[in-house]
Amino acid sequence: LMTIRQLFLTLLLSCGLFAEVEWRVENTNFTLSQASLVPMEDTDYLYNYNRTRLRSDWKEDHFFVTGIGDTVNYLGEKYIDSTSFGYIKHVKSDTPFKTQTSFSYYGNDKGVAYAKLYRLYGGYDDATNRIVAGLQNITMGVGHIWTPTNLFNPRNAYALEPDETFGVAAVSYTRYIGTKSQASVVASQQEDRSFKYAAEYKVSLESTDIALSTIKSNQTKMLGYAIEGD
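Residues numbered from 1 in each chain as written. Predicted model: local features only at pLDDT ≥ 70, side-chain atom pairs only at ≥ 80, totals over all residues. Heavy atoms only, no water.

What follows deals with the pairing of strand β2 (residues 44-60). Of the pairings in the sheet, the one linking strand β1 (residues 21-35) to β2 comprises 15 bridges and is antiparallel in character. Each bridged residue has a counterpart across the sheet, and for T31 the counterpart in β2 is N48. Two strands pair when backbone bridges link them, and β2 and strand β3 (residues 63-75) are joined in this way by 13 bridges, in the antiparallel orientation. Along β3, the bridge assignment pairs N48 with L75. (Pairing = 2+ DSSP bridges. Helix = DSSP H or I, 4+ residues; strand = E, 2+ residues; numbered from the N terminus.)

Here you go:
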């Protein structure tokens, strides 16, 4: 599998070969007074969080490529020195290659910044088939807030933005069966180079969505279902 540098070069080359590329820049900034994440530690930390995101999308007929990269900055000496921030530093993507740089301290250790590759994937999508390869988001189940069967991209408990999840290095295929149902299979490689496999079938019945799923890896064997009614 490619390194982050090779992935970025692949994205840049694809952008250079085709003219129809859309670029988007987003910025999120919070200044927070947050309680410690450590049990029995009655401490509040005041700090600033800033994330700048660069996204590039290329599409040609049914083919597409998407790349998303972030720069993240924390400012607040006491928070950066805290045990709570130590948890954040040790949470990383379960992929066979690194998706973020080391943490760089500045201003006499009052601030820290790093960069990360959030998503980089490409594929093919038409009215019947969708195949995607690369660092992507694999969503399983039908819940909008939380689904216990979603073991590929579970929510990051330390993320300030609820929809922020680590990507997985995977190949996924979805077959659209009419307009009411779809079947999907996924194969991904984890940090220890082992593989995780999954299959899911979703169907919509009037105002109810039902999903049946299975996941298999060295650490996990799951059969699950999810039902959502509106």
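By size, the foremost hydrophobic cluster in this structure holds 12 residues: Y45, Y47, Y49, V72, Y74, Y79, I80, F85, I88, F103, V112 and Y114. Elements represented by at least two residues in this core include exactly β2, β3, α2 (77-80), α3 (83-90) and β5 (111-125). In terms of residue count, the dominant contributor to this core is β2 (3 residues). If we ignore the near neighbours within four places in the chain, the residues touching Y79 are Q34, Y45, Y47, Y74, S84, F85 and I88. (Core = buried A, V, L, I, M, F, W, Y, C linked by side-chain atoms within 4.5 Å. Buried < 20%, exposed > 50% of the residue type's maximum accessible area, 1.4 Å probe, protein only. Contact = heavy atoms within 4.5 Å.)

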